[in-house]
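Chain and residue survey
Okay, here's what each chain looks like letter by letter:
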Amino acid sequence: MNGEPFHRVEIEYCTQCRWLLRAAWIAQELLTTFQDQLGEVALRPGQGGAFRVRLNGERLSDRATDGGFPDLPLLKQKIRDRVAPERDLGHSDRKPTAGA
């Protein structure tokens, strides 16, 4: 990876809930957005309603504790902040609104 650090995203999804397509879609979005920063995006089968996203072992999103699936622009911002803080995400780079 041209001397760049190896970053690994893991998406754990519930096989009982049939969330593979959602996990694969998120993986595709992350690989497209961070093609030069990510070395791997792994899909990990799980159970019990699991849907978790980790970057280098750090939990970024957990459906059970966060109250739902990850918001993709927010997830991209969290990853960007850790792997390429100087990077502009274009339309995915939401700015907080007043009063939010």
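Structure's up top.
Residues numbered from 1 in each chain as written. Predicted model: local features only at pLDDT ≥ 70, side-chain atom pairs only at ≥ 80, totals over all residues. Heavy atoms only, no water.

Time to look at the packing of aromatic side chains. Counting across every chain of the model gives three aromatic pairs. Pairing tryptophan 19 with phenylalanine 51 gives two aromatic rings, centres 6.3 Å apart and planes at 75 degrees, and the pair type is edge-to-face. With tryptophan 19 in the loop between strand E1 (7-14) and helix H1 (20-33) and phenylalanine 51 in strand E3 (residues 51-55), the pair connects residues that are 32 residues apart, well separated along the chain. Three or more aromatic residues joined by ring pairs form one cluster here, namely Trp19, Phe51 and Phe69. The ring centre of phenylalanine 69 lies 3.6 Å from the NZ or CZ of arginine 22, which sits over that ring. The side chain of arginine 63 reaches across the aromatic face of phenylalanine 69, ending 5.9 Å from its centre. (Phe/Tyr/Trp six-rings, centres within 6.5 Å; stacked < 30°, edge-to-face > 60°. Helix = DSSP H or I, 4+ residues; strand = E, 2+ residues; numbered from the N terminus. Lys NZ or Arg CZ within 6 Å of the ring centre and 35° of its normal.)

Within the fold, glutamate 10 resides in strand E1. Among the polar contacts made by the side chain of glutamate 10, one reaches the side chain of arginine 54 at a distance of 2.8 Å. Residues in contact with glutamate 10, not counting those within four places in the same chain, are Ala42, Arg44, Arg52, Val53 and Arg54. (Polar contact = N/O pair within 3.5 Å; in protein donor to acceptor, adjacent residues only side chain to side chain. Contact = heavy atoms within 4.5 Å.)

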